[in-house]
Amino acid sequence: MATDYSDILSRLCFHLKQFSSPDVVIAPETDLINELAIDSVKLLNLVMEIEDEFDISVPLNALADVQTVHDLANLIHHIKSAKQ
Amino acid sequence: MSLLDKLDAVAAARKALLPEGLDVFGMPIEEVYSATEARVGDRRILFLGTNNYLGLTFAPECLKAAHEALDKEGTGTTGSRMANGSYSGHRALEREFAEFYHCHSGIVFTTGYQANLAMISGLAGAGDVVLIDGDSHASIYDGCRLSGAEIIRFRHNDVADMEKRLRRLGERSQSTLIVAEGIYSMLGDQAPLAEIVRVKNAYNSILLLDEAHSLGVLGKTGQGLVEETGLIDGVDFITGTFSKSLGSIGGYCVSNHPQLDQLRYISRPYIFTASPSPATIASARAALKLLRDGTELRRQLWQNSRQLYARLDALGYQLGPQPGPVIANILDSPQQALMLWKGLLDHGIYVNLILPPAAPEGKALVRCSVSAAHTSEQMDHVGNVFAELRKSIFQ
């Protein structure tokens, strides 16, 4: 059974908390770079954590179209669903 | 944002970080006196930030060979290896590299950067995977991008992490190229090659090892980490550069896979670049002989490296995890790194400054590169300056 998108979103938001100040509210439309200040290096490290959390491979090439939390959750959902 | 606005943003970021009038990056060198000394402005400086590990840039044998090639074959080949750029020297150097590594064949490239670009993009393509260490050199990242293969990173020098990622790939691990480096340029640490080879064999992947910083430095004859560990048969492709221990510019790849030769026909960085100049090739050939016979140079290099590493360690500087010619001082902030870098320069010592995002884990580095041509007294002097600067930087 494919992992539920909302479950992915909630687990992803939990991880993103580590990369932002406590008062920042993380929502699907939150911009990773402009609002969470996740630069290119942080994003690469975040990807490794996501791979471990969801037991998937996330090619760096796939990040080109990722701008918001929703984009990232959607990518994880897509990879996770394709694997199952 | 327009194309030019983006460059203005880069300029603003640089201005915010770096002091006005200080050429931190691209320092103008006015005159070069030797492998270890030069003039910057009106100041004589000690080079401690070059990659001239064996100090061969002024070796008489290399100078003589380069002069002769220049007179005999001209200033440049003006053509690609694919076209008119494969002179007898280029072909001879390929044979000599293959013999040096006891490998089936070798290819010479115009730069080390290009060697990685050519090899990675030639070996892997769309649908394949390249699995790289998180601290990989930019040439490896760029080669991956050019290849169109999926790029997966593993945590630096963490073989368990690498294996976990191979496992997730399932059968695709068989079309996966793993890339590691003999000595990593940022922290100066060595790859855990035995473990990497074991895992690579278990998953039927292909392994490319970049010996850019380890050629001439590790192993009895200077082959690099493959010789130091006795694991040359476990590595599929070895790349490297002429621009460090060989004191020239260029790149190479050697392999026992006969398919290596086919890269000449499909690898765009190989095909669409002019070949190295005859003088460059001639000096690299002379330097390779000196490198192979350079037991005494390696002994001196390691003595200098251990001396400086031990001194800086004793002073309390946070260093890379193991001694070697690349000695990275890890600073918590770019400002601290800049102070240390500037302080060293004011004392006539040139080192490399590495700021985020180039430095790993968001830190900043002041990186020393030791040479066999340095003297023990110079290492002592450098240690004394580091000791003096420590008081002001960490007060």
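Residues numbered from 1 in each chain as written. Chains lettered and ligands numbered in written order. Predicted model: local features only at pLDDT ≥ 70, side-chain atom pairs only at ≥ 80, totals over all residues. Heavy atoms only, no water.

> Even after reading the chapter, I still don't get the overall build of chain A, so can you show me in this structure?
Scanning chain A from N- to C-terminus turns up 3 helices and 0 strands. Secondary structure of chain A in N-to-C order comes out as α-α-α. What you see for chain A is a C-alpha radius of gyration of 12 Å, in line with the 12 Å of a compact globule of 84 residues. A total of 84 residues make up chain A; the buried ones form 46% of that total. For chain A, the share of sequence-separated contacts (at least 6 apart) that also reach a separation of at least 24 residues comes to 57%. Split by element, the accessible area of chain A, about 4300 Å² in all, is 57% carbon and sulfur. In chain A, which carries 5 positive and 14 negative side-chain charges, the distance between the mean positions of the two groups comes to 6 Å. (Helix = DSSP H or I, 4+ residues; strand = E, 2+ residues; numbered from the N terminus. Rg over C-alpha atoms; globule rule 2.2 N^0.38 Å. Buried < 20%, exposed > 50% of the residue type's maximum accessible area, 1.4 Å probe, protein only. Contact = heavy atoms within 4.5 Å. Areas by Shrake-Rupley, 256 points an atom, 1.4 Å probe, with all protein chains shown as cover. Lys, Arg positive; Asp, Glu negative; His and termini not counted. Charge placed at Lys NZ, Arg CZ, Asp CG, Glu CD.)

> Looking at this structure, I do not really get the environment of Trp302 of chain B. What am I missing?
Residue and element names in this part refer to chain B. With respect to the helices and strands, the residue Trp302 is situated in helix H12 (residues 295-315). Residue class for Trp302 comes out buried when judged on its relative accessible area of 13%. Sequence-wise, Trp302 and His257 are 45 residues apart; in three dimensions their C-alpha atoms are separated by 33 Å. Non-local contacts of Trp302, meaning those with residues more than four positions away in its chain, are made with Gln190, Val217, Leu218, Pro323, Gly324 and Pro325.

> I'm lost on helix H1 (residues 5-16) of chain A in this one. Help?
Three or four residues apart is the spacing at which side chains of an α-helix point the same way, because the helix has 3.6 residues per turn. An ideal rise of 1.5 Å per residue puts 16 Å on 12 residues; H1 of chain A measures up with 16 Å between its terminal C-alpha atoms. Where the residues of H1 of chain A are buried, they touch helix H2 (40-54) and helix H3 (69-83) of chain A. (Expected span 1.5 Å × (residues − 1).)

> In this structure, what is going on with the sheet that holds strand E1 (residues 31-32) of chain B? I would like to understand it.
Strands in a sheet are paired, the pairing made by backbone hydrogen bonds, and the direction either parallel or antiparallel. Taken together, the 4 strands give an open sheet; going across it, the order is E1-E2-E3-E12 (chain B), and neighbouring strands pair in mixed fashion. Taken across any chain shown, the strands that pair with only one partner, and hence form the sheet edges, are E1 and strand E12 (349-350) of chain B. (Pairing = 2+ DSSP bridges.)

> What is the right way to read the layout of surface pockets from this model?
Here the idea is plain: a probe the size of a water molecule rolls over the atoms and shows the empty space left. All names here are of chain B. Each pocket or cavity is described by its volume, and for the second largest pocket that value is around 260 Å³. Residue lining of the second largest pocket: 15 residues in total, with Ala65, Ala69, Gly89, Ala282 and Arg285 positioned closest to the centre. Put simply, the parts of the chain that give the lining of the second largest pocket at least two residues each are helix H2 (60-73), helix H3 (88-100) and helix H11 (278-292). The dominant element in the lining of the second largest pocket, judged by the number of residues it contributes, is H11, at 6 residues. (1 Å grid on protein atoms, 1.4 Å probe; cavity = no way out; pocket = protein on both sides within 12 Å on 5 of 7 lines; lining within 4 Å. Points joined across faces, edges and corners; volume = space filled by probe spheres on them.)

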